[in-house]
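# Results of the structural survey
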Amino acid sequence: MRRLGRILLGVLALLAVLLVVAGIYVYISIDDSFPQTEGEIQLSGLSAPVDVYRDAAGVPHIFASSEYDLFFAQGYVHAQDRFWQMDFQRHVGAGRLSEMLGSNTLDTDIFLRTVGWERVARQELEMLDAQTRDMLQAYADGVNAYLAERKGPQISLEYLFLSLLNPGYQPAPWEPLNTLTWGKAMAWDLRDNMDNEIERAILSSTLPPERIAELFPPYPEDHPLILPEYEFTGEAIMTEIQNQPGLPEALGPLLAGVQRNMAAVDGWLGGEPQAQLGSNSWVISGEHSASGMPLFANDPHLGASMPSIWYQVGLHCAPKGPDCDFDVVGVSFPGAPGVVIGHNERIAWGLTNVGADVMDLYIIRVNPDNENQYEVNGLWLDMEVVHEEIRIGSADTMDLPVRITHFGPIISDAYGPLRDIHETSGINLPSDYAIALSWTALEPGNTLQSILKINRAQNFDEFRQAAREFVAPSQNLLYADVDGNIGYQLPGHIPLRASDGRYPMPGWVDTFAWQGYIPFEHLPYALNPEAGYIVAANNAIVGPDYPFAIVDTWDYGYRAMRIEELILAAPGPIDTSYYQQMLFDNANLGALEIIPSLAPLQFADPRTAALRDELLAWNGDQGSDSSQALLFNYFWRQLLADIFHDELPEDYRPGGGSPAFTTVKSLLADPTNLWWDDTSTAAKETRDEVLTAAFETALADLSASHGSDPAGWAWGHEHTITFEHEVMGSFPLINRLFDRGPFPVSGGSSIVNATNWNASSGTFAVTSLPSKRSIFDLADWDASWQIHITGQSGHAYAPHYIDMAEPWAAGQMNPLPWTRSSVEAAAAVHLRLLP
């Protein structure tokens, strides 16, 4: 026994030594991954010196004398701080995750290669003008200059652990194609209609159309439009809406399979179901501002990620001239040259998602005797079949045949579990049907080139001309310039169709094929509206008189309504300080519409009645320390469950945002609506019974979790954000090196400070958020402000890995200098890149 004990002690001692050695190696690798940010670096490829000034938050401003050197340096700096992120994102965009992460991601790759983001990006590369191609090549050269200096964990700590999954992996050189594939991923992330299309189709097997329509209500007439003064003056291209035949039986599993693959892709992009992606952007003219010049605000709402999706940067030609005409600052995508949202010396611009209906699913009738043919108008047409080779790790490969119709690729083939569903489920699937996807982003376009032209635009005409090439994802483009103008443009390819696009459409006739796109001249725009402000918060752009269909369902406008309220109720001329308060506003207007329904209820328990009365007096502010916010959201979550969970499948239950507020507001006015009855019981429940039970249950759950004293309740106790690494966050212990949080936050769903959460998930954890906040002061660019969610660095334990998170959560922002003197004065370090 003593000998066994000595052996055991020896093994434990050896393990301890190995753990210490491993810890020391990890510690050394962490330090080795940090890039050089001051002094001088000599790089082959540069034609002249480049200055990189980083401020106290690690934000670089790059000054170069040629466009090649400027974008070379941007690629180099992006790679310094974010190469792992860039490498991972290019594998997602190309459907090549299995090359990096092995067979666990094979199903996702099959779906992405079927959809064909990279196939389209290759076509787009050939369409770019010479200047854009040169920018992409310069950027790629800069990235590769950094990779030439480092290997493995020296590039980023993640490669140390990746070697355990895929020992033979080495990052390939960066190519211009890698930049374009990530653009497709962002277009996918900001899609909207296809999820609704699948949901309606699946619900149609159990619910009649009128009850499904209650889940997708029309836009409220009293909620704001982006362009309330817009009048269409062109000649409408009318399409006759055709009646759709019913869906073939048993297509539900096909559609559910497609949606599961979509959700898997969303997971790799940092999103979640019911994530409520959107944005706020608004601009006021000098009529409303303290300076007499426009003020601009923008905050895109995206999924949380570690590191942030954004990278702040200034790109300055020094001097600016015909051969080097970039002078911009704002946020960029790691992996792409230029600035996505920002300002140059004359104009500012920002984006919010439109949610345009640019995706349609078509039910394809396949020839039972030839799986590569499909029926259209009684004829069998040949599908195009392309073969994609998928590499799995460093050795294995898989051949993937992809069938493509004139509508688009067959995407139901890509859902693995459907291959043997006949045997495993007993469901009689129609073997002669398939589902194809039409999507504007699967047609070659020049969105990246459009953004780079916006970077250089000097006035509204040039801004609109650049926007013509902005294909997908369709965005609300807001504008302001130093001449005092404010403006708006809707860009993008938005289909003309002979259906309302709300359900999958028959593909065996050409009646429902797209008939072109809304001409750019007919897309809504505005310059200097009479109101003196423009608010674009994913709300409706125009009223029902506009002759073309833009979206299936808009965001229902609660955020836009609150922003307008704050503009019109400002105590005086508006300045950047007031804008910061607006960006961090936590008023829940949807809650204030629901709470009055509690007033007439009778509660036997005096404490319950008293807390109800406190909630009735609440102003709707969802600050992180608010007890009333926690109580309301417990009640709201329970109410949605009591109304909908008995009849809706788990994946299609309301998430609690603006659609739910609008639907429930309508139901409250209809006490006998069928949704009030719980179909799982024999009794027929009434509206007031459901409201009473929901409030009592919510209060009991809240008291059990946080105690009976409301003084101990706070919204931020449960409403938190944890920034999880897109890959390493999946591995226990290793994730502790990379994940950060939780951070308590204010705000919530359909609130200006849009820290959204999903009521159907059972928790109040944040699912999407204001991914960055910007304020541009056109009276003085140096008086502008900006922040994003984590930090500039993608290197775990680097000083700028998570230094923005707490200020962001508190509603603070960092100065955004513009002039070179201000940039140099704010610089914490100075790096000089030499030829």
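A brief look at the structure comes next. All values reported here derive from a predicted model rather than from experimental measurement. (Residues numbered from 1 in each chain as written. Predicted model: local features only at pLDDT ≥ 70, side-chain atom pairs only at ≥ 80, totals over all residues. Heavy atoms only, no water.)

## Topic: the overall build of the protein chain
Scanning the protein chain from N- to C-terminus turns up 24 helices and 28 strands. Counting all 835 residues of the protein chain, 61% fall into the buried class. Pairs at least 24 residues apart make up 74% of the contacts formed inside the protein chain by residues separated by at least 6 positions. In the form shown here, the protein chain has an accessible surface area of approximately 31300 Å², with 52% of it arising from carbon and sulfur atoms. (Helix = DSSP H or I, 4+ residues; strand = E, 2+ residues; numbered from the N terminus. Buried < 20%, exposed > 50% of the residue type's maximum accessible area, 1.4 Å probe, protein only. Contact = heavy atoms within 4.5 Å. Areas by Shrake-Rupley, 256 points an atom, 1.4 Å probe, with all protein chains shown as cover.)

## A look at the environment of Pro770
Counting through the fold element by element, Pro770 comes out in strand S24 (residues 766-770). A residue is classified by how much of its surface remains accessible, and Pro770, at 0% relative accessible area, is buried. Note: C-alpha distance between Pro770 and Phe584 (186 residues apart in sequence) is 9.7 Å. Here Pro770 is in contact with Asp299, Pro300, His301, Asn753, Ala754, Thr755, Ile789 and Trp808, once residues within four sequence places are set aside.

## Structural notes on empty space enclosed by the protein
The final tally for this structure, using the stated rule, is four cavities of 30 Å³ or more. Space inside the largest cavity adds up to approximately 560 Å³. Taken together, 42 residues make up the lining of the largest cavity; nearest its centre are Gly183, Met186, Phe333, Thr447 and Ile451. Broken down by element, the residue count for the lining of the largest cavity peaks at seven residues, all from helix H8 (residues 176-189). Partitioning the lining of the largest cavity into residue classes produces 25 nonpolar, 14 polar and three charged. Taken as a whole, the second largest cavity encloses approximately 90 Å³ of empty space. Along the wall of the second largest cavity there are 15 residues; nearest its centre are Leu190, Arg191, Ala356, Val358 and Pro473. Counted by class, the lining of the second largest cavity contains eight nonpolar, five polar and two charged residues. (1 Å grid on protein atoms, 1.4 Å probe; cavity = no way out; pocket = protein on both sides within 12 Å on 5 of 7 lines; lining within 4 Å. Points joined across faces, edges and corners; volume = space filled by probe spheres on them. Nonpolar A, V, L, I, M, F, W, Y, C, P; charged D, E, K, R; others polar.)

## Considerations on the side chain of Ser438
Examined against the element boundaries, Ser438 turns out to sit in strand S15 (residues 433-439). Look at Ser438 and you get buried, because its relative accessible area is 6%. At a separation of 2.4 Å, a polar atom in the side chain of Ser438 contacts the main-chain carbonyl oxygen of Phe407. For Ser438, the contacting residues outside a window of four places in its chain are Val358, Met359, Asp360, Tyr362, Phe407, Gly408 and Trp514. (Polar contact = N/O pair within 3.5 Å; in protein donor to acceptor, adjacent residues only side chain to side chain.)

## Concerning the state of the cysteines
This model, assessed by the stated rule, comprises one disulfide. Across a sulfur-sulfur distance of 2.0 Å, Cys317 and Cys324 are joined as a disulfide pair. Between Cys317 and Cys324 the sulfur-sulfur dihedral comes to about -80°; the bridge is accordingly left-handed. Each member of the pair, Cys317 together with Cys324, is buried. (Disulfide = S-S within 2.5 Å.)

## Quick word on unusual backbone geometry
Looking along the chain, the bond that leaves Ala318 and enters Pro319 is cis, with omega of 5°. Inspection of the secondary structure puts Pro319 in the loop between strand S6 (311-317) and strand S7 (327-332). The omega torsion across Ala472 and Pro473 is 0°, close enough to zero to call that bond cis. Summarising the element assignment, Pro473 is placed in the loop between helix H14 (460-467) and strand S16 (475-481). Its identity is not glycine, yet Asn528 carries a phi of approximately 55°, on the positive side. One can find Asn528 in the loop between strand S19 (525-527) and strand S20 (533-536). Taking the relative accessible area as the measure of exposure, Asn528 reaches 38% and is therefore partly exposed.

## Regarding the nonpolar core
In this structure, Trp439, Phe632, Phe635, Trp636, Leu639 and Leu833 are the most contacted members of the largest nonpolar core, which totals 238 residues. Not counting residues within four places of it along the chain, the set of residues in contact with Trp636 comprises Ile594, Gly656, Ala660, Phe661, Val664 and Trp757. One finds Val366, Ala436, Met505 and Trp514 within the second-largest nonpolar core, a separate group that totals 14 residues. (Core = buried A, V, L, I, M, F, W, Y, C linked by side-chain atoms within 4.5 Å.)

## As for the pairing of strand S2 (residues 50-55)
Summarising burial for S2: six of the six residues are buried, a large majority. On S2, burial covers both faces: Val50, Val52 and Arg54 on one face and Asp51, Tyr53 and Asp55 on the other are all buried. Strand direction decides the pairing type here: S2 and strand S28 (residues 827-834), joined by six bridges, are antiparallel. The residue of S28 that forms the bridge with Arg54 is Val829. Summarising the sheet, S2 and strand S3 (residues 60-64) pair through four bridges and their orientation is antiparallel. Paired with Asp51 across the bridge in S3 is Phe63. (Pairing = 2+ DSSP bridges.)

## Brief notes about the packing of aromatic side chains
Under the defined criterion, the tally for this structure stands at 37 aromatic pairs. Judged by centre distance (5.5 Å) and plane angle (70°), the rings of Tyr546 and Phe548 are edge-to-face. Taken individually, Tyr546 and Phe548 each receive the classification buried, so the pair is uniform in this respect. A connected cluster of aromatic rings, assembled from ring pairs, spans Tyr558, Phe603, Trp618, Phe632, Phe635, Trp636, Phe661 and Phe695. (Phe/Tyr/Trp six-rings, centres within 6.5 Å; stacked < 30°, edge-to-face > 60°.)

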